[in-house]
Amino acid sequence: MRESKNNLFDDSCANKMNAIAKGPFAPIYPVIAGQIRDICGITCGSCIDIGCGPAHLSMAVAKVSELAIDAVDTSPDMLLLARENIGDAGLSERIRLVNGDVHVLPYEDSSIDLIISRGSLFFWNDLDKAFSEIYRVLGVNGRTFIGGGFGTPALKESIFHQMRSIDTDWEKNAEERLKLQQSDVIPKALDAAGVTAYDIRRDLAGFWIVMRK
């Protein structure tokens, strides 16, 4: 899920994240994929999943669309797990793995129809630069769905309940990260990046940034 600061997501962390994604977090990906489809209205063309981690969101989006998806991450360990997961799901022809960084995306200007990311932006080094790059590669009439959400309030509560017994610091860290949605940091970064059309959708399950070009 991550575009990590200084490649923090090593093999042990990648395996832990993969296990959590297959466990407590598993129900959220189909829900979020449905939200992406319904809110963005883009079901074909090109898509990149930034900070894809083990690629669970990429796979869920592939299952509800005809999009050609690039699963992008800076961590080779995450991409190895993503390759295994994608292969097991029979989606190797639909999802391509890319070792890349949100701050220097390897795509041409205005070339991507849909850009998604769940949980990655909390680990980006430079929000202004990241948003500038995302907006640069976003195609005309394209959309983004970037943020941190749990699908529904009920799913969020279920995950928090389960994660309390797995990681004693998880709830505190999660709440700290989600405080970002209530601050003015993201709107200021979007403005600094020259993003002129966007909505920040907030609810009890999290928040999502929907940019338009």
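Residues numbered from 1 in each chain as written. Predicted model: local features only at pLDDT ≥ 70, side-chain atom pairs only at ≥ 80, totals over all residues. Heavy atoms only, no water.

Student: Account for the packing of aromatic side chains, naming residues and giving values.
Tutor: Tallied over the full model, the rule gives eight aromatic pairs. Between W124 and F131, the ring centres sit 5.9 Å apart and the planes meet at 80°, which makes this aromatic pair edge-to-face. F131 carries the same exposure label as W124, and that label is buried. Measuring from centroid to centroid gives 4.5 Å for F145 and W208, while their planes differ by 25°, and the two rings are stacked. Within this pair, whereas F145 is found in strand β5 (residues 138-149), its partner W208 is found in strand β7 (residues 206-211), the two being separated by 63 residues in sequence. Overall, F145 belongs to the buried group, its relative accessible area being 1%. (Phe/Tyr/Trp six-rings, centres within 6.5 Å; stacked < 30°, edge-to-face > 60°. Buried < 20%, exposed > 50% of the residue type's maximum accessible area, 1.4 Å probe, protein only. Helix = DSSP H or I, 4+ residues; strand = E, 2+ residues; numbered from the N terminus.)

Student: I'd like a description of the side chain of S117, backed by residues and values.
Tutor: Tracing the chain through its elements places S117 in strand β4 (residues 112-118). Classification of S117 by relative accessible area gives buried; the value is 1%. A distance of 2.7 Å separates a polar side-chain atom of S117 from the backbone oxygen of I50. Apart from residues no more than four positions distant in its own chain, S117 is found in contact with D49, I50, W124, F145, I146, G147 and W208. (Polar contact = N/O pair within 3.5 Å; in protein donor to acceptor, adjacent residues only side chain to side chain. Contact = heavy atoms within 4.5 Å.)

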